[in-house]
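Residue-level structural notes
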Amino acid sequence: MLATAYLWRYPDIVVTVLRPTNVLGYHARSAIGRYLDREYVPTVLGFNPMLQFLHEDDLAEAIVLSLERRARGAFNVVGPDAVPLHVAIREVGRTALPLPEFAIRPAIGQLFRWGLYPFPPRAIDFAKYQCTLAGTRFREATGFTPRYSLAETFAAVRA
């Protein structure tokens, strides 16, 4: 919000805000990466939201392009496509563990309190509901096109 306010208050200064989708890769340390790093990934039974992923090197390229092209504004930076959560889990070599919500919330809450699970129970909504973003404005402003396919992005996680 501060960057956006600055953007409009000082139009002669180039301010760029990049909002990348879920970043994955060999070196990336992200919440989604930690979530998908478990052998058994808990999901909410009956929910399979669409997720978008961006390879860490594509994010680096997006940053460079935004600087080179002096892109002004707030932009979504998206990867090549969206996939269902269960597909992402399978592609990174893990196993989905679908659990009923009435059981998963208290279990994750207790594991979180004991320090055995990295996310609080309110994060369960992330595994239930997602939105997909359009990257059209950023592509038009910078010419950005992700170089890495979803298969290559998931392979980087498996590595």
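My aim in this report is to walk through the structure given alongside it, one point at a time.

Moving on, we get to the overall build of the protein. The number of helices and strands found in the protein is seven helices and seven strands. Start at the N end of the protein and walk to the C end: the helices and strands fall as α-β-β-α-β-β-α-β-β-α-β-α-α-α. By principal-axis analysis of the C-alpha atoms, the protein measures approximately 55 × 35 × 25 Å. Across the 159 residues that make up the protein, the buried fraction comes to 38%.

Attention now goes to the environment of His55. Checked against the element boundaries, His55 lands in strand β4 (residues 50-55). The sequence separation of His55 and Val157 amounts to 102 residues, and the corresponding C-alpha distance is 9.5 Å.

Moving on: the environment of Arg70. Its place among the elements puts Arg70 in the loop between α3 (56-68) and β5 (73-77). Residues Arg70 and Thr132, 62 residues apart in the sequence, show an inter-C-alpha distance of 26 Å. In contact with Arg70, other than residues within four places in its own chain, are Val14 and Leu65.

Moving on: the sheet that holds β4. Within the open sheet, the three strands sit side by side as β2-β4-β6. Their pairing is mixed. Two strands in the sheet have a free side with no partner beyond their single neighbour: β2 (22-24) and β6 (82-84). Strand-to-strand twist in this sheet, taken as the mean axis angle between neighbours without regard to direction, amounts to 50°. Bridging between β4 and β6 involves three bridges; their strand directions are antiparallel. For Leu51, the partnering residue across the bridge sits in β6 and is Val83. Relative to β4, α3 is tilted by about 70°, and along the sheet it contacts β2 and β4.

Here is what the cut-offs are and how they apply
Residues numbered from 1 in each chain as written. Predicted model: local features only at pLDDT ≥ 70, side-chain atom pairs only at ≥ 80, totals over all residues. Heavy atoms only, no water. Helix = DSSP H or I, 4+ residues; strand = E, 2+ residues; numbered from the N terminus. Buried < 20%, exposed > 50% of the residue type's maximum accessible area, 1.4 Å probe, protein only. Contact = heavy atoms within 4.5 Å. Pairing = 2+ DSSP bridges. Axes fitted to C-alpha atoms, helices over the stretch in contact; angles between N-to-C directions.

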